[in-house]
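Summary of structural features
The residues making up each chain are set out below.
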Amino acid sequence: MKRSTCGICRIGSAYIYQSGDQDGKHLKISKKGNKYLRCLLFLAVGCSIRGAKDNPVNRFYQKKKQQSNPLNSKAAKTACTAKLLKIIYGICKNKTTYER
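The rules behind each value
Residues numbered from 1 in each chain as written. Predicted model: local features only at pLDDT ≥ 70, side-chain atom pairs only at ≥ 80, totals over all residues. Heavy atoms only, no water. Helix = DSSP H or I, 4+ residues; strand = E, 2+ residues; numbered from the N terminus. Expected span 1.5 Å × (residues − 1). Buried < 20%, exposed > 50% of the residue type's maximum accessible area, 1.4 Å probe, protein only. Axes fitted to C-alpha atoms, helices over the stretch in contact; angles between N-to-C directions. Left-handed = near helix turned anticlockwise from the far one by under 90°. Contact = heavy atoms within 4.5 Å. Nonpolar A, V, L, I, M, F, W, Y, C, P; charged D, E, K, R; others polar. Arc of directions from axis to C-beta.

The chain goes by Transposase IS116/IS110/IS902 C-terminal domain-containing protein in an unreviewed UniProt entry, where it is assigned to Holdemanella biformis.

Look at helix α4 (residues 73–94): 31 Å from first C-alpha to last across 22 residues, which is about the 32 Å you get at 1.5 Å a residue. Within α4 the residues assigned to the buried category are Ala76, Lys77, Cys80, Thr81, Leu84 and Leu85. Of the residues trailing α4, Lys95 is marked for its positive phi of about 55°.

Attention shifts here to the packing of helix α3 (residues 56–65) against α4. In contact at an axis separation of 9 Å, α3 and α4 are set at 145° when each is read in the N-to-C sense. When the axes of α3 and α4 are compared, the crossing they make is right-handed. The segment α3 lies against α4, with Pro56, Val57, Phe60, Tyr61, Lys64 and Lys65 engaging Ser73, Ala76, Lys77, Ala79, Cys80, Lys83, Leu84 and Ile87. The residue makeup of the contact of α3 with α4, split by class, is nine nonpolar, one polar and four charged.

If you check which residues of α3 are buried, you get Val57, Asn58, Phe60, Tyr61 and Lys64. End-on view of α3: buried residues confined to an arc of 160°, all on one side of the axis. Where α3 is buried, its residues touch α2 (35–50) and α4.

So, in structure tokens, the structure goes:
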């Protein structure tokens, strides 16, 4: 990843705290990024989930809620925020418009 995009991607980054056999079970979101941008992305994910049902963010949210060990609502929305960031980064990197 390029150095210029590291500030944006740091919003949804999670650190892995290992202690013996517990590997990646308690992932915490870092608070090092821009809190206003993090809040806006979280709100955008919430609106996307409540709005159109046929979009990649909503499908990812439903998949996280229905997996074998489902995430709670806030954790699933945080995972969707990272997914939305990847979509936005891909659009900016390729200089294209969003198409489903």
